[in-house]
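Listed here are the chains, written in short residue letters.
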Amino acid sequence: MSANTLGSLFRVTNFGESHGPAIGAVVDGCPPGLELSVEDIQLELDRRRPGTSRHVTQRQEADQVEILSGVYEGKTTGAPIALLIRNTDQRSKDYGNLLDTFRPGHADYTYWRKYQHRDPRGGGRSSARLTAPTVAAGAIAKKWLAAEFNTVIRGYMSQLGPIVIPFKSWDDVPNNPFYAADESVVPELEAFMDALRKDGDSIGARIEVVAEGVPAGLGEPIYGRLDADIAYAMMGLNAVKGVEIGDGFESVSQRGSEHGDAILPDGFASNHAGGILGGISSGQDIRVSLAIKPTSSIRIKRPSINQQGEAIEVQTLGRHDPCVGIRATPIAEALLAIVLMDQALRQRAQCGQW
Ligand SMILES: Cc1cc2nc3c(=O)[nH]c(=O)nc-3n(C[C@H](O)[C@H](O)[C@H](O)COP(=O)(O)O)c2cc1C
């Protein structure tokens, strides 16, 4: 299992298992002199944390981060920044009945086929718990990008199952558990989720992430394309089944006269491209959209097999997210921040200035 590092110059290495003593990240390549506190990171972790509303898993993880190295007197030193999050809720009995079986849609089957063992404590490295270190590392990238370019990276949920959530205002996003950018839709979302929970089922979602204040010039024309790096990072997030940049799949039905963003003396007239042309940022907002699948751990019984290949029925009890998309927004923001910071350092290394 060797692919645990993301990035070239800003490198995030993720470690730990969902029910081991701790999880964390080692963040290498952060320039010295960045003001960084535990609170900067904790703020982002608290946005991802489980148990914060009745619409997410009721697992209680404090997700308190400790900075073990790389920061002295409130500033980064240039040394690796080691971030530790101790696991406090290790109730593995939620997973006990799953040990010999495979949840349809989950990683159980492929994990077992690959490694020939199962982690009895809840998914091991395939658990979305390992997205907490990503969020912690992303908080550093967000802070550096804001200090360098005034970059702001924000996300929101634009669809929950059949309910399309229009964008009204960024101000609405932190005021509801769904990250909806229109608070007036929240009662409909709550009613939908309450009925879903009663059914013992789960649902998919769509998340938008936007980076404003990204300088032009990040990315390269072939293998280091910014859009390719973003798609790679986002597809590395559990349960993501699709990534779109700008108009994405809508581009299929568009004409060139509509899709190509006109360039005027005072800037671009539109942003169908999502801020990236030829793999390089244009200076416009970077717009990324994610399709997130419904949670595989549901109470509804479904056919599967056990490790002996015999037919069985699987039902997942215990505490699971009925819509993993609800908690995905801060993680997607973190991933975008990590990619942008890495690309910004690469741009600086090659071209020296903007
Ligand atoms: C924030 C977040 C929370 C998640 N919570 C759960 C959960 O409670 N139960 C579950 O079965 N899957 C959950 N997932 C999804 C699984 O981790 C994921 O579907 C599984 O590892 C299989 O990988 P894949 O969906 O990428 O193929 C969550 C994903 C995210 C991003």
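1. So, the overall build of the chain
So, step 1. Along the chain, the regular secondary structure elements total eight helices and 18 strands.
So, step 2. The C-alpha radius of gyration computed for the chain amounts to 21 Å, which stays within 12% of the reference 20 Å derived for 354 residues, consistent with globular compactness.
So, step 3. Dimensions of the chain, computed from the C-alpha atoms along their principal axes, are close to 65 × 50 × 35 Å.
So, step 4. Burial status across the chain gives 51% buried among its 354 residues.

2. Side note on the pattern of salt bridges
So, step 1. Taken as a whole, this structure holds 22 salt bridges when the rule is applied.
So, step 2. The salt bridge involving R49 is made with D46; its shortest N-O contact spans 3.7 Å.
So, step 3. For D46, a relative accessible area of 33% translates into the label partly exposed.
So, step 4. The residue K168 makes a salt bridge to D172 at a minimum N-O spacing of 3.2 Å.
So, step 5. Overall, K168 belongs to the exposed group, its relative accessible area being 53%.
So, step 6. According to the relative accessible area criterion, D172 is buried, its value standing at 7%.
So, step 7. Members of the salt-bridge network, linked through shared partners, are E44, R47, K142 and E333.

3. So, the site of the ligand
So, step 1. Around the ligand there are 17 residues in total, and A239, K293, S297, H320 and D321 lie nearest to it.
So, step 2. Contact distances for the ligand include 3.2 Å between an oxygen atom and a side-chain N or O atom of H106.
So, step 3. In this structure, an oxygen atom belonging to the ligand sits 2.7 Å away from a side-chain N or O atom of K293.
So, step 4. Here the shell around the ligand is built from residues that sort into six nonpolar, six polar and five charged.

4. A closer look at the pairing of strand β7 (residues 81–86)
So, step 1. Of all six residues in β7, five are buried, a share of seventy percent or more.
So, step 2. By the bridge criterion, six bridges tie strand β3 (residues 22–28) to β7 in an arrangement that is antiparallel. Paired with V26 across the strands is A82, a residue of β7.
So, step 3. Bridge count for strand β4 (residues 65–67) against β7 is three bridges, and the pairing is antiparallel. Bridging from a neighbouring strand, E66 pairs with L84 of β7.

5. As for the sheet that holds strand β16 (residues 286–292)
So, step 1. An order of β9-β8-β10-β16-β11 is seen for the five strands of this open sheet, with the pairing classed as antiparallel. Two strands bound the open sheet, and with one partner strand each, they are β9 (163–164) and β11 (240–245).
So, step 2. The pairing of β11 with β16 spans five bridges and is classified as antiparallel. From the neighbouring strand, E244 faces β16, where its bridge partner is S289.
So, step 3. Against the sheet, helix α6 (residues 226–235) contacts β11 and β16, and its axis sits at roughly 160 degrees relative to β11.

6. Looking at the packing of helix α1 (residues 38–48) against helix α4 (residues 131–149)
A pair of packed helices is characterised by two quantities: the angle between their axes and the separation of those axes.
So, step 1. Contact geometry of α1 with α4 gives a least axis separation of 8 Å together with a crossing angle of 135 degrees. Relative to α4, the element α1 is oriented oblique. Where α1 crosses over α4, the handedness of that crossing is right-handed. Residues D40, I41, E44, L45, R47 and R48 of α1 touch α4, and the partners they reach there are T131, A132, V135, A136, A139, I140, K142 and K143.
So, step 2. Of the residues in the contact of α1 with α4, the class split is seven nonpolar, one polar and six charged.

Here is what the cut-offs are and how they apply
- Residues numbered from 1 in each chain as written.
- Predicted model: local features only at pLDDT ≥ 70, side-chain atom pairs only at ≥ 80, totals over all residues.
- Heavy atoms only, no water.
- Helix = DSSP H or I, 4+ residues; strand = E, 2+ residues; numbered from the N terminus.
- Rg over C-alpha atoms; globule rule 2.2 N^0.38 Å.
- Buried < 20%, exposed > 50% of the residue type's maximum accessible area, 1.4 Å probe, protein only.
- Salt bridge = Lys/Arg side-chain N within 4 Å of Asp/Glu carboxyl O.
- Near = heavy atom within 4 Å.
- Polar contact = N/O pair within 3.5 Å; in protein donor to acceptor, adjacent residues only side chain to side chain.
- Nonpolar A, V, L, I, M, F, W, Y, C, P; charged D, E, K, R; others polar.
- Pairing = 2+ DSSP bridges.
- Contact = heavy atoms within 4.5 Å.
- Axes fitted to C-alpha atoms, helices over the stretch in contact; angles between N-to-C directions.
- Parallel < 35°, antiparallel > 145°, perpendicular 65-115°, else oblique.
- Left-handed = near helix turned anticlockwise from the far one by under 90°.

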